[in-house]
Amino acid sequence: MSEPQTQTAPSPEPLDPEMFDPVCPSPLTPFRIGDKWASLILRCLEGGPRRFSELKVPLRGITSKSLTQSLRALERDGFVVRTEYEGPERRVEYALTPLGRGLLGPLDAACEWTREHWDELIDAHEAGLEAGPNGARAR
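Residues numbered from 1 in each chain as written. Predicted model: local features only at pLDDT ≥ 70, side-chain atom pairs only at ≥ 80, totals over all residues. Heavy atoms only, no water.

**Q** So what's going on with the overall build of the chain? Residues and values would help.
**A** A tally of helices and strands in the chain yields six helices and two strands. Here the chain, with 139 residues, has 32% of them falling under the buried criterion. For the chain, the accessible area works out to roughly 9600 Å², and carbon and sulfur atoms hold 53% of it. (Helix = DSSP H or I, 4+ residues; strand = E, 2+ residues; numbered from the N terminus. Buried < 20%, exposed > 50% of the residue type's maximum accessible area, 1.4 Å probe, protein only. Areas by Shrake-Rupley, 256 points an atom, 1.4 Å probe, with all protein chains shown as cover.)

This is the structure we're talking about:
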């Protein structure tokens, strides 16, 4: 007798390493969900479940520790679900919950707003950097 085989869903297309527009999601976007990586992770999961290693491809610069912390926070807040698959090829995947998928529209609106106000945001950001950490203008 042979063992029953489990069927797996077809894998989505690989994530594009250049998937993020330099403008959005941007650290200049005044709307935040969770930490600085959360909105980027939500975007990565938009096309379907992903493994940890897949998420790291477009999230250049994120450490494994930061990705783990962000994923745990998104899971705790109900935006992401973590699924462990047993078997000879053990794996873990992360996927958007309906609540997490509901954030994609507001993220689109925030990105559009950021595009429309990009120059103002850059000017304000640069002025803030010149002011220094305590708000006093550097001399």
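**Q** Account for helix α6 (residues 118–131), with residues named and values stated.
**A** Helix length check: α6 (14 residues) gives 20 Å between terminal C-alpha atoms against 20 Å at 1.5 Å per residue, within 8%. One or two positions beyond α6, positive phi appears at glycine 132, with a value near 85°. (Expected span 1.5 Å × (residues − 1).)

**Q** An account of the nonpolar core is requested, with residue identities and associated values reported.
**A** The biggest cluster of nonpolar side chains holds 21 residues, and the ones touching the most others in it are Ile41, Leu42, Leu55, Leu59 and Val80. When contributions to this core are tallied by element, the ones reaching two or more residues are α1 (38–44), α3 (64–76), β2 (91–96) and α5 (104–116). In this structure, valine 80 is in contact with Leu42, Leu45, Leu74, Glu75, Tyr94, Ala95, Leu96 and Thr97, ignoring residues within four places of it in sequence. (Core = buried A, V, L, I, M, F, W, Y, C linked by side-chain atoms within 4.5 Å. Contact = heavy atoms within 4.5 Å.)

**Q** Kindly report on the pattern of salt bridges, identifying the contributing residues and their values.
**A** Counted by the stated rule, this structure contains ten salt bridges. The closest approach of N and O atoms between glutamate 112 and arginine 115, which form a salt bridge, is 3.6 Å. On the criterion of helical spacing, the pair formed by glutamate 112 and arginine 115 is a turn pair, its members being three residues apart in helix α5. Since its relative accessible area comes to 40%, arginine 115 is described here as partly exposed. What you see here is one network of salt bridges that share partners, running through Arg82, Glu84, Glu86 and Arg90. (Salt bridge = Lys/Arg side-chain N within 4 Å of Asp/Glu carboxyl O.)

**Q** I'd like a description of α5, backed by residues and values.
**A** Compared with an ideal rise of 1.5 Å per residue, which puts 13 residues at 18 Å, α5 spans 19 Å between its outermost C-alpha atoms and is within 8% of the ideal. Among the residues of α5, Leu104, Leu107, Ala110, Cys111 and Thr114 are the ones counted as buried. Along the axis of α5, the buried positions cluster into a sector of 115°, meaning they face one direction only. Contacts from the buried residues of α5 go to α1, β2, α4 (98–101) and α6. (Arc of directions from axis to C-beta.)

**Q** Please set out the environment of leucine 45 residue by residue, giving values where relevant.
**A** With respect to the secondary-structure elements, leucine 45 resides in the loop between α1 and α2 (52–56). As a C-alpha pair, leucine 45 and tyrosine 94 span 49 residues in sequence and 7.5 Å in three-dimensional space. Excluding residues within four positions of it along the chain, leucine 45 makes contact with Arg50, Leu55, Val80, Tyr94, Ala95, Leu96 and Arg101.

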